[in-house]
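Inside the fold
What follows is each chain in one-letter form.
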Amino acid sequence: MSAGGRGGADDGIRSDRPVSARVWDYWLGGKDHYEVDRIAGEQVARRVPGIVAAARTDRLFLGRCVRHLAGEEGVRQFLDIGTGLPTADNTHEIAQRVAPESRIVYVDNDPLVLAHARALLTSSPEGATSYIDADVRDPERILDEASATIDLGKPVALMMLALLHLITDDGEARGILDRLASALAPGSFVALSHACLDVDVTHAAVEAWNESGTPHPLRARTAAEIEALFDGLELVDPGVVSCSRWRPEPNPWGEPQETMTFCGVARKLSA
């Protein structure tokens, strides 16, 4: 689908209001969005110049995280919920470059994401890639359908990037994460990224986002609140930090600049 979109009247794709996955795609330099998404993205970016950098550092975190889990930790199964629109270097591409036998399940509930996922999220011959059209608020369905592709009795990396801040109720966010993590085998990992209130510009970003017309309001949390989401799990170094500072690539200019999206990766030690 081109940037302008060609969704049919009965395909469930909404082009009359911005959608978070498409706005995110616009910020990442993708082409799968509508004019309404570009307008919303520009409105937010004008008010919060750092938000595009935050989106891009979140995407770079995805790459470093998956390479670490597939390479150093030996994970061969990934459950990526809230995957968004396929762009370059998706979870399966990164994981299967490290280990071609990796098996990946993507989950999202945006019809445009579904249309692209079915066409583009292919797999290596040795591994497997599948897509579930489901909402994160239905973890039982996600787990049930994911089990057709991945073995929940073996370690899985649960990826929930830039997702839980769209669950505005703290108890609901905690309950969703607890249910999903409880189904994972010991030796599994949970990777999260989340808008963080400890960065001053985040307050303006949340206000601008929530006024942009998106049907998905955002609830940023403090670094301490984000860290609390990992309760019961063992955080790996460096803990909860800005996405730009999670195991960054070496560079001659020192520590990368902090962005408003924080992240962490944690290991599940026991059932």
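Residues numbered from 1 in each chain as written. Predicted model: local features only at pLDDT ≥ 70, side-chain atom pairs only at ≥ 80, totals over all residues. Heavy atoms only, no water.

Some words on the pairing of strand 2 (residues 103-108)
Here is the rule we go by: Relative accessibility decides the category of a residue: with a 1.4 Å probe and only protein chains considered, values under 20% of the type maximum give buried, values over 50% give exposed, and everything between is partly exposed. Helix and strand assignments follow DSSP, with helices taken as H or I runs no shorter than four residues and strands as E runs no shorter than two, numbered in order from the N terminus. Two strands qualify as a pair provided DSSP detects at least 2 bridges between them.
Buried residues dominate strand 2, accounting for five of its six residues. Bridge count for strand 1 (residues 77-81) against strand 2 is five bridges, and the pairing is parallel. Counterpart to glutamine 77 in the pairing with strand 2 is arginine 103. Bridge analysis of strand 2 against strand 3 (residues 128-133) gives six bridges, and the strand direction is parallel.

Some details on the nonpolar core
Applied cut-off: For our purposes a nonpolar core is just a set of buried Ala, Val, Leu, Ile, Met, Phe, Trp, Tyr and Cys residues, chained together by side-chain atoms within 4.5 Å. Throughout, a contact is declared for two residues whenever any of their heavy atoms are within 4.5 Å.
Counting 55 residues, the largest nonpolar core has Trp27, Ile51, Leu79, Ile81, Leu158 and Met160 as its most contacted members. If sequence neighbours within four positions are ignored, leucine 158 has contacts with Leu79, Ile81, Leu177, Leu180, Leu184, Phe189, Val190 and Ala191. If you look at the next biggest cluster of nonpolar residues, it comprises 28 residues, including Leu69, Met159, Leu161 and Ala191.

Details of the side chain of threonine 259
Put simply, the rule reads: The term polar contact refers here to a pair of N or O atoms within 3.5 Å; inside protein, the definition further demands a hydrogen-donor-capable atom paired with an acceptor-capable atom, and it admits residues adjacent in sequence only when both atoms are side-chain atoms.
Summarising the element assignment, threonine 259 is placed in the loop between strand 7 (241-242) and strand 8 (261-267). Here the side chain of threonine 259 touches threonine 57 through a polar contact of 3.1 Å, side chain to side chain. Beyond its immediate stretch of four places on either side in the chain, threonine 259 contacts Ala53, Ala54, Thr57, Val199, Ser242, Cys243 and Ser244.

Observations concerning the packing of aromatic side chains
Operational definition: Here is the rule: rings of Phe, Tyr and Trp (six-membered ring for Trp) pair when centre to centre is within 6.5 Å. Planes less than 30 degrees apart are stacked, more than 60 are edge-to-face, and the remainder are tilted. Our definition puts a charge over a ring when NZ of Lys or CZ of Arg is within 6 Å of the ring centre and also within 35 degrees of the ring normal.
Under the criterion given, the structure shown has one aromatic pair. Summarising the aromatic geometry, the rings of phenylalanine 61 and tryptophan 246 are spaced 5.3 Å apart at their centres and angled 80° between planes, so their arrangement reads as edge-to-face. Of this pair, phenylalanine 61 sits in helix 3 (residues 50-71) while tryptophan 246 sits in the loop between strand 7 and strand 8, placing them 185 residues apart in sequence. Across the pair, exposure class does not vary: phenylalanine 61 and tryptophan 246 are buried alike. A cation sits over an aromatic face here: arginine 247 above tryptophan 246, 5.1 Å from the ring centre.

Quick word on the environment of alanine 134
Turning to its location among the elements, alanine 134 is positioned in the loop between strand 3 and helix 6 (139-146). The class of alanine 134 is buried, set by a relative accessible area of 5%. C-alpha of alanine 134 to C-alpha of asparagine 109: the two residues are 25 residues apart in sequence and 5.0 Å apart in space. Apart from residues no more than four positions distant in its own chain, alanine 134 is found in contact with Val107, Asp108, Asn109, Arg141 and Ile142.

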